[in-house]
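If you want the building blocks of each chain, they are given just below.
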Amino acid sequence: MKAAVTAIKFFQAFADTGFRGKLTAKFFSGLLKLIHPRKKIIEENLKLVYPDSSEKWREEMRSKVYENLAWTLTETLVLQHDNSQAQKWIKNVKGVDIINELIAEKKGALILTGHIGNWELAGNWVAQYAINHGHELHVIYQEMHDTDISNYVLKTRECGGMRMLDKNFSLMKIVHMLKNGAHVALLNDVSGMKEMIVPFMGHDATNMTGAAVMAMLSGVPVIPFGSYRISPFEHEGEFFEPLNLPSKDENINREERVRLIVLEMNKALEKIIRARPEQWFWLHNRWKKR
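Note that the structure is a prediction, hence the values are computed from the model and not measured.

Peer 1: Explain a nonpolar patch on the surface to me, please; I cannot follow it from the model alone.
Peer 2: A cluster of nonpolar residues, Phe 27, Leu 31, Leu 34 and Ile 35, forms a patch on the protein surface that exposes about 400 Å² of accessible area. Judged by its relative accessible area of 63%, Leu 34 falls in the exposed class.

What follows is the structure, encoded as structure tokens:
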């Protein structure tokens, strides 16, 4: 949709970190609260995960979710003026020694994250951190239905330093890259093809298995990463300790091993999400039925 890309570029030219940024975020927030996209899905998701919550709490949470999206879009637009701003906006990142050690030893890693905080900003920060330390970050992505918007997003991510890999890129080639020291990141909190029914946030959900298969075949550590907005244009992040995954020496078959890895990945993502649930993308139909 070329009209949508034209509108995005207009707001990109207008927005900045000062008054214009606040005005842009206020516009997006007001628009989202007016049209309340996927209101029913947000309500159902919140009621499922927080069954004891009140209607008032869920309404307030939905408002905060829209607010987070408004600022995420605004920050991402401003970021396009100078992608290096990511290094200034994410000021406090814990656990960087984990990544530094892997880079120094030329070991590969799967970096596991989700649609939390400003995930576009987080991708820029991690990619630029890797570049500044003589490394690269490859990111697996899925094309959007709208080709024009998808191409625009792809270009902005590449400008931010990310080396993009289409989700249809050969899994075995990615495994080979990981074995040879590559760092590969992916947003693994959504449903997708080749799904497996495994609990997420306490309830059965369809889960992608690709990341688990990559981890199993490559043997590289899986490093969870989360970032949160403290205030507009100010974020903090954390790399967590590698997940404790079942090894090939354990007496379990391949399918069960994949299931256990998916479970561990889900637990890590749940911990990241529950810390700041208002900054997660509740609009996704995460618990959809097959």
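Next comes the rest of the description.
Peer 1: Any chance you could explain the layout of surface pockets here in plain terms?
Peer 2: Vacant regions in the atomic arrangement are exposed by a probe of water-molecule size rolled over the atoms. There is about 210 Å³ of room inside the second largest pocket. Of all the secondary-structure elements, those providing two or more residues to the lining of the second largest pocket are helix H10 (210-218) and helix H11 (254-275). Grouping the constituent residues of the lining of the second largest pocket by class yields 10 nonpolar, 2 polar and 2 charged.

Peer 1: Please explain the nonpolar core as it appears in this structure.
Peer 2: With 57 residues, the main nonpolar core has Leu 110, Phe 200, Met 265, Trp 282 and Trp 287 as its most contacted residues. When residues of this core are assigned to their parent elements, the largest contribution, 9 residues, is made by H11. Setting aside residues up to four positions removed in sequence, Leu 110 forms contacts with Leu 178, Val 184, Leu 186, Ala 211, Met 214, Ala 215, Val 220, Pro 221, Val 222 and Ile 223. Judged by nonpolar contacts, the second largest core, of 34 residues, contains Trp 71, Ala 86, Trp 125 and Met 162.

Peer 1: Please clarify how helix H8 (residues 147-159) should be interpreted in this entry.
Peer 2: Residues that lie three or four places apart on an α-helix share one face, since the helix turns once every 3.6 residues. The end-to-end C-alpha separation of H8 is 18 Å, in line with the 18 Å expected for 13 residues at 1.5 Å each. Within the sequence span of H8, burial applies to Ser 150, Tyr 152, Val 153, Leu 154, Thr 156 and Arg 157. The inward-facing, buried residues of H8 abut helix H1 (2-14), helix H4 (55-79), helix H7 (119-132), strand E3 (137-141) and strand E4 (163-166). Looking at the residues trailing H8, positive phi occurs at Gly 161, about 105°.

How each quantity is defined
Residues numbered from 1 in each chain as written. Predicted model: local features only at pLDDT ≥ 70, side-chain atom pairs only at ≥ 80, totals over all residues. Heavy atoms only, no water. Patch = residues over 30% accessible without salt bridge, like charges linked within 9 Å, V, L, I, M, F, W, Y side chains within 5 Å. Areas by Shrake-Rupley, 256 points an atom, 1.4 Å probe, with all protein chains shown as cover. Salt bridge = Lys/Arg side-chain N within 4 Å of Asp/Glu carboxyl O. Buried < 20%, exposed > 50% of the residue type's maximum accessible area, 1.4 Å probe, protein only. 1 Å grid on protein atoms, 1.4 Å probe; cavity = no way out; pocket = protein on both sides within 12 Å on 5 of 7 lines; lining within 4 Å. Points joined across faces, edges and corners; volume = space filled by probe spheres on them. Helix = DSSP H or I, 4+ residues; strand = E, 2+ residues; numbered from the N terminus. Nonpolar A, V, L, I, M, F, W, Y, C, P; charged D, E, K, R; others polar. Core = buried A, V, L, I, M, F, W, Y, C linked by side-chain atoms within 4.5 Å. Contact = heavy atoms within 4.5 Å. Expected span 1.5 Å × (residues − 1).

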